[in-house]
Amino acid sequence: MSTRVHPELHRDIARFGGDDITKCMNCGNCTAVCSLAGDGAVFPRKTIRYMQLGLKDKLLASPEPWLCYYCGECSDTCPRDANPAETMMAMRRWLTAEYDHSGRGRRLYTSEKAVVTTILKAAFIPLALLLALHAVTGFQRIVTDRVELNTFAPVMWVWAVVLLHFAFLGYHLMMNALHMIQHIMKPEDPEAKVPWAAYLLELKSLAIHFITQKRWRECGEEHDGQWLTHLLLVSGYVIMLVLVVGMLGWFQTDNIYPVYHPQRWLGYYATLVLIYASAAMLIGRFRKRTQVHRFSRPTDWLFPSFILVGAITGILVHAFRYAGWPWPTYGMYLIHVMAMVAMLDSEVGIGKWAHMIYRPLAIYLMNVKKRTQNQAVPEAGALPTN
Amino acid sequence: MDKSQAQDPLREADNGATAHTLRIGVYVCHCGGNISDVVDVERVVQAASGLSNGVVTRHYPAMCSETGQNLIIDDISNEKLDRVVVAACSPSLHEHTFRAAVARAGKNAYLYEHVNIREQVSWCGKSDPDGATNKAIRLVGAGVAKARLLRPLAPISMDAKRHVTVVGGGVSGLRAARDLARIGLAVTLIERSASLGGHMAQWHLVYPTEDKARDLLRELVDEVIGDPNITVHTRAEVIEASGYVGNFLLRVEPEHITVETGAIVLATGFDLYQPQEGEFGYGQYPEVITLDQLERMLDPEGPTSGRLERNGRAVNNVCLIHCVGSRQIEGIHQPGPDGKLNEYCSRVCCTATLRAAGEIRRRFPRTNVFELYRDIRTYGRGHEEYYDEASRLGVLFCRYEADRPPVVSPAEPKKGPGLICAKHPPGRSGKLNLVPFSAEEPDDSALVVQVKDTLTFGEELEIPADLVVLVTGMVPREIDTLVDQLKLSRSADGFLQEVHPKLRPVELAVNGLFVAGTCQAPMDISESCAAGSAAAAKAAALLASGRIELDPFLAPVDLDVCRGEGKCVEACQYQKAVTLVEVERDGRKVRHAEVNSALCNGCGMCTAVCPTGAIQVEGWRLDQFDAMVDALVADYAETEVSHA
Ligand SMILES: Cc1cc2nc3c(=O)[nH]c(=O)nc-3n(C[C@H](O)[C@H](O)[C@H](O)COP(=O)(O)OP(=O)(O)OC[C@H]3O[C@@H](n4cnc5c(N)ncnc54)[C@H](O)[C@@H]3O)c2cc1C
Ligand code: SF4
Ligand code: SF4
Ligand code: SF4
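Fair warning: this is a prediction, and the values are worked out from it, not measured in the lab.

A. Here's a closer look at the site of ligand 1. Residues and elements named next belong to chain B. Ser 172, Glu 191, His 199, Thr 518 and Met 523 are the nearest of the 36 residues found near ligand 1. Contact between ligand 1 and Trp 203: an oxygen atom at 2.9 Å from a side-chain N or O atom of the residue. Listing elements by their share of the shell around ligand 1, those giving two or more residues are α8 (171-183), β15 (270-272), α10 (291-298), α11 (348-363) and α15 (525-543). A class-by-class count of the residues in the shell around ligand 1 yields 18 nonpolar, twelve polar and six charged. Taken domain by domain, the shell around ligand 1 gets at least three of its residues from each of domain 2 (163-269 + 477-549) and domain 3 (279-473).

In structure tokens:
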């Protein structure tokens with residue numbers, strides 16, 4: 001059966017970056033140099049080819065873009081300066097937008113105006129909710145002679161809204177992940193069925209890759225620094241997430257605990273790690289020294305910037321509370337919350353969150369396929385590379 | 001006094017020495033290992049020194065070098081050599097070199113004999129060095145045997161017309177004519193069609209400079225027409241040719257003129273390959289055209305005034321298929337009407353196609369361009385840049401294997417009013433979430449091309465096409481009359497064949513004939529001009545002095561022996577080279593053969609049929625052959641290594 005070409009597709013993907021790809025002459029140097037391209041996955045040339053010709057279904061069914069960690073070696077090697085690494089990035093953005101049937105992903109990636117309006121809209125929500133709450137209950141409830149944050153932002157109300165927000169975002173993310181699974185697992189041969197056992201048996205690899213993103217380390221030692229920074233960022237991020245989503249009632253308190261109390265050191269650890277990692281990323285993008293940072297797009301700056309703003313405003317809330325300044329504390333808290341809601345709304349489904357889910361999912365699905373094709377796979381979780 | 005004795009040049013030249021007292025120098029060349037790695041040159045020298053006349057015998061790494069030649073010259077004066085034999089490479093390479101060395105030493109250049117022990121011995125005898133050495137010894141022995149019987153000969157010198165005829169007024173012919181005229185020779189340019197310029201006059205922009213072809217051409221044509229040394233005949237053709245180098249006679253129709261000329265440059269160009277009916281849909285679908293038609297279409301002065309359209313419709317998708325009619329393979333491709341396959345690469349079409357594809361993308365950015373190639377052969381300076389540029393401009397490349405050529409067929413009729421975006425539900429805004437690629441997709445192309453693309457892991461692709469362009473190459477032009485009349489030789493692929501592809505690339509086998517441009521092989525404009533200039537320089541050098549020296553290897557008739565039977569006249573392939581004449585001899589009228597030294601090619605056909613041995617080719621006389629054969633079968637037991 002023949003596949004129809006759609007040459008307009010790469011012009012579409014070019015809106016997500018990687019517009020040098022027409023220069024590619026399919027020599028395959030990029031695939032040869034890529035330390036992640038193994039026998040089961042021939043990239044980046046293969047996906048570049050799908051993209052050039054506009055074989056949209058093939059591209060949607062390709063997990064390969066998610067197996068690339070943007071070390072940039074292929075772009076350094078390419079004789080035509082076609083920037084394969086950036087193309088892989090563009091494909092990830094495009095795929096993310098394609099998995100997202102709401103159309104939000106596409107808008108955020110392709111229009112800076114959409115990014116600004118989304119941020120503004122999202123930031124407006126906590127402000128509006130807080131104003132509405134106090135308008136109903138009366139502004140005089142707010143304690144102003146000392147710091148009592150919970151009179152300004154009652155923790156149970158906040159928590160309830162956070163949970164609602166996360167449920168909404170989580171639903172979206174799940175749906176997008178489901179679309180990804182459907183595309184990748186769509187059988188070429190309708191008869192071929194993937195047994196459920198394969199899905200179950202590979203869950204371990206999903207967990208491992210989700211937590212460690214360990215495949216990145218196969219890019220070579222010189223990228224270990226990036227991987228470590230990333231791992232720190234994830235640890236801080238996850239701790240914060242657990243504290244805010246799962247334990248906000250315990251975390252947002254007007255008691256000042258002693259320093260050895262977990263509420264304090266967990267918060268400090270997460271904050272410091274997030275500041276370090278996000279600053280490192282921003283500096284990298286600013287200097288554009290490594291390949292991965294050469295072609296930053298607005299959405300790439302967004303996440304580390306928000307993290308940095310979130311961490312700094314978080315520290316300031318803490319500091320102002322120590323100093324016993326009620327209004328600065330409340331104001332900073334509001335800013336902190338507005339920034340974090342804006343971050344979540346503009347990031348979930350398109351940015352780093354998506355990567356965190358899609359990457360391990362792609363490896364997992366590859367392993368599931370492998371297991372089905374070849375029952376003799378020696379060890380669960382081992383994606384064969386080189 | 002015996003008349004023939006007194007005239008024996010051998011005796012004159014050698015001060016009465018007999019064949020067996022002559023002093024002969026034998027030189028065995030290593031050819032930098034080419035010979036000595038296989039042949040034991042020491043042993044060959046040793047064997048030669050055992051021959052009765054081997055006065056000086058040496059081996060040397062490179063006889064053709066300055067020092068190698070000086071070795072011969074010094075030996076001739078110090079050792080009083082009468083003959084020289086060099087065993088080395090093919091005589092077509094260095095026979096002239098060593099003859100010249102002998103002449104510089106004050107000897108007659110024809111007292112030299114060349115033995116080929118490279119092509120005929122070391123190269124073909126690598127697996128059997130002993131056998132090769134034995135063969136070399138025998139060949140050197142035969143060379144010495146012939147050298148004993150060599151006689152001094154005088155080269156033939158003749159008047160030559162300082163006039164050159166150029167056949168074909170394409171760019172190569174124009175270049176040759178103009179160069180010849182500037183050197184000061186008179187030139188007649190004969191062009192079959194009504195105008196000058198050949199194929200180049202049809203092209204608009206040409207690689208690698210993106211010049212306007214017709215502007216370039218106009219410059220050259222103006223120079224040619226304005227040159228008082230050049231006479232141009234258009235709508236004219238050579239229909240009969242006779243004569244020989246320096247003095248050819250051409251009859252040109254339809255003007256009934258006769259041109260007397262000293263040399264001829266053939267610049268008759270190429271023909272475009274004409275696809276067979278149904279080849280990739282050619283002749284079947286009006287959307288299938290050839291590359292030259294595309295070039296015409298892109299030309300603002302062409303039939304569509306430079307608009308890219310077919311059947312009045314804009315072209316959204318162009319698909320170019322490379323190598324149509326070139327690089328054909330037995331068992332895969334259909335032979336042409338002449339039963340022949342075009343196995344060669346037409347060389348210019350890859351770059352010409354890439355150039356045109358880039359132009360389309362630049363001028364019509366909404367048009368998709370696909371190139372289906374077997375290999376991209378951008379061999380020349382500035383050619384690969386076209387490949388780069390075409391990619392950069394978004395030309396899409398697919399690669400097919402010769403045994404799985406693309407298939408062109410009509411597109412399926414469109415299904416319904418076909419709208420965009422079934423897959424994508426409305427976005428949050430409630431507006432239709434249009435997917436740009438399907439929105440723009442010009443899916444109503446008349447044809448589809450199916451190709452198994454090796455760049456996409458053998459995927460079967462389906463490419464929509466409003467225009468399919470067959471990249472047709474060059475084929476040899478029909479010039480049978482010229483081939484017949486001038487005795488031209490053609491190579492297996494049908495193009496005119498030069499004497500030697502590397503060392504004598506613009507000379508034809510018949511003395512005084514030169515070849516320029518695409519009648520020899522596919523070339524682009526730069527190469528055609530280079531060939532035109534080279535042919536001009538060669539022809540001018542030949543005719544510069546107004547006299548021509550020819551090798552004296554022709555067939556004089558021994559009038560004492562000839563009985564005038566005329567067998568030689570029947571056997572001779574060259575018109576009027578040998579004729580029967582009637583003369584008075586001792587008061588009696590006798591008939592005998594007479595050879596025209598300018599027309600005789602020294603082929604020896606006459607010698608083979610002459611019943612009396614009266615006609616023999618100088619330098620290759622029968623007694624010389626006899627001596628060589630004797631030497632070849634002589635007993636060399638002492639010096640030969642037996643095959644253990
Ligand atoms: C589609 C295409 C695109 C090309 N594009 C380019 C390009 O972009 N750049 C480039 O460098 N090259 C290009 N070329 C190559 C270029 O056209 C040739 O190199 C050039 O035309 C060769 O010139 P020529 O004089 O050898 O032959 P021709 O152009 O064929 O001229 C031969 C002439 O001899 C005449 N003739 C033939 N037989 C006789 C006879 N018996 N008696 C008298 N006259 C005779 C013919 O009428 C003709 O005028 C292209 C070729 C093709 C096919
Ligand atoms: S992206 Fe570069 S290295 Fe990779 S196949 Fe294309 S041209 Fe070659
Ligand atoms: S950026 Fe690195 S991981 Fe990604 S395709 Fe290129 S070489 Fe492979
Ligand atoms: S130059 Fe012509 S014949 Fe040669 S490979 Fe290219 S298209 Fe084929």
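B. Region of interest: the sheet that holds strand β1 (residues 24-29) of chain B. All names here are of chain B. Spatial ordering of the open sheet is given by β2-β1-β3-β4, a layout of four strands whose pairing is parallel. Only two strands of the sheet have a single neighbouring strand rather than two, namely β2 (54-60) and β4 (112-116). Neighbouring strand axes in the sheet, compared pairwise and without regard to direction, differ in orientation by 15° on average. Of the pairings in the sheet, the one linking β1 to β2 comprises six bridges and is parallel in character. In the strand pairing of β2, Ile 24 is matched with Gly 54. Where helix α4 (residues 66-78) meets the sheet, it contacts β1, β2 and β3 (83-88), and its direction lies at approximately 165° from that of β2. Each of β1, β3 and β4 is contacted by helix α7 (residues 129-148), which is oriented at about 165° to β4, the strand it contacts most.

C. Representation of the site of ligand 3. Surrounding ligand 3, one finds Cys34(A), Leu36(A), Phe43(A), Pro44(A), Cys68(A), Tyr69(A), Tyr70(A), Cys71(A), Gly72(A), Cys74(A) and Ala85(A). Classifying every residue of the shell around ligand 3 gives ten nonpolar, one polar and no charged.

D. Structural context of the confidence of the model for chain B. All names here are of chain B. Across chain B, the average pLDDT comes to 89, with 91% of residues at or above 70. Segment residues 1-13: pLDDT under 50, and eleven contacts once partners within four positions in sequence are set aside and those in other chains are kept. Counting interchain partners and residues more than four positions distant, the pLDDT-below-50 stretch residues 416-442 has 38 contacts. If you check the scores for this complex, the pTM reads 0.80 and the ipTM reads 0.82.

What counts, and where the lines are drawn
- Residues numbered from 1 in each chain as written.
- Chains lettered and ligands numbered in written order.
- Predicted model: local features only at pLDDT ≥ 70, side-chain atom pairs only at ≥ 80, totals over all residues.
- Heavy atoms only, no water.
- Near = heavy atom within 4 Å.
- Polar contact = N/O pair within 3.5 Å; in protein donor to acceptor, adjacent residues only side chain to side chain.
- Helix = DSSP H or I, 4+ residues; strand = E, 2+ residues; numbered from the N terminus.
- Nonpolar A, V, L, I, M, F, W, Y, C, P; charged D, E, K, R; others polar.
- Domains from an automatic or database assignment.
- Pairing = 2+ DSSP bridges.
- Axes fitted to C-alpha atoms, helices over the stretch in contact; angles between N-to-C directions.
- Contact = heavy atoms within 4.5 Å.
- pLDDT = per-residue confidence, 0-100.

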